[in-house]
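Results of the structural survey
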Amino acid sequence: CDDAILGCNGGEASLQRIEQLFKHYKDECDDAILEDGMEKFCNDLQVDPTEFKVLVLAWKFQAATMCKFTRTEFVEGCKAIQADSIEGIRARFSSILNEAKSEEKFKDLYRFTFQFGLDCEEGQRSLHREIAVALWRLVFTQNVPPILEPWLNFLTENPSGIKGISRDTWNMFLNFTQVIGPDLSNYSEDEAWPSLFDTFVEWEMERRKKEEEANCSTCPHTDGLCPSE
């Protein structure tokens, strides 16, 4: 194998090897790893560019943009995780995935993910609905809150009323998953939740009511009543 790139020689991380690794994937015209280089980088890491491991690596590298690592991001990121080869980075995945499980670190990853999803060159301040849905599903890979799927269904089924997701809505949803129970019974419109959450809770409660009525109409019953469970 290519000793310099794959890290077959072992040894401690070195700036020279990190720079060599960056040069292997960087764009010919830009001092950054762009889409083609990123695809090659992920292939060598044996990961899919859209999987959680790549998001966590981008977080550790403090990458500003999807599908791009600047020289500074790549070099400083490799130094931070103490890896200077493909094998070295692969060996760190387990520890950084575990790191992302802690409450404080996950909060940092979660907030990073919003900024990461924005198109900075276009000056975006909110996430497109489809991007937000994909990123919510991705960032909660290791710990899926019970309310996530209903929330994503709500966003998907109401495209005309939801064009973008603001930073405030994104950040508050993490709080929502932590303090509001799956049955939504402790949700109050009087608290300072974004108005979109009010709409969601109303929509979800109505959906559940219709689902219960549909189930009741088809289950065996006596005197017009469904037996209680």
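Look a little higher up for the structure.
What comes next is a walk through the structure. Values in this document were obtained by computation on a predicted structure and should not be read as measured data. (Residues numbered from 1 in each chain as written. Predicted model: local features only at pLDDT ≥ 70, side-chain atom pairs only at ≥ 80, totals over all residues. Heavy atoms only, no water.)

1. Structural notes on the packing of aromatic side chains
This is how the line gets drawn: By convention, a stacked pair of Phe, Tyr or Trp rings (six-membered ring in the case of Trp) has centres within 6.5 Å and planes under 30 degrees apart, an edge-to-face pair has planes over 60 apart, and any other such pair is tilted. Exposure is judged per residue with a 1.4 Å probe applied to protein chains only, and the accessible area is read against the type maximum: over 50% gives exposed, under 20% gives buried, and values in between give partly exposed. Where helices and strands are cited, they refer to DSSP runs of H or I of at least four residues and of E of at least two residues respectively, numbered from the N terminus. Consider the ring centre and the ring normal. A charge sits over the ring if Lys NZ or Arg CZ is within 6 Å of that centre and within 35 degrees of that normal.
Applying the stated criterion across every chain yields a total of 31 aromatic pairs. Judged by centre distance (4.9 Å) and plane angle (55°), the rings of Phe 61 and Phe 69 are tilted. A relative accessible area of 3% means that Phe 61 is categorised as buried. On the basis of an interplanar angle of 20° and a centroid distance of 5.2 Å, the ring pair of Phe 112 and Phe 116 is categorised as stacked. Note that Phe 112 and Phe 116 are positioned in helix α7 (residues 103-117) at a spacing of four residues, about one turn of the helix. Residues Phe 112 and Phe 116 agree in their burial class; the two are buried. Here Lys 60 stacks its cationic end above the ring of Trp 59, 5.4 Å away from the centre of that ring.

2. Notes on the packing of helix α3 (residues 35-45) against helix α6 (residues 86-99)
Note the threshold: The axes used here are C-alpha line fits, helices contributing only the stretch in contact, and every angle between their N-to-C directions lies in the interval 0 to 180 degrees. For classification purposes, angles smaller than 35 degrees are called roughly parallel, those larger than 145 roughly antiparallel, those between 65 and 115 roughly perpendicular, and all remaining angles oblique. What makes a crossing left-handed is the near helix being turned counterclockwise from the far one by less than a right angle; a clockwise turn instead makes it right-handed. Throughout, a contact is declared for two residues whenever any of their heavy atoms are within 4.5 Å.
Running from amino to carboxyl end, α3 crosses α6 at an angle of 70°, the nearest separation of the two axes being 9 Å. Classified by the angle their axes make, α3 and α6 are roughly perpendicular. Here α3 and α6 pass one another in a crossing that is right-handed. The segment α3 lies against α6, with Phe 41, Asp 44 and Leu 45 engaging Ile 86, Ile 89, Arg 90 and Phe 93.

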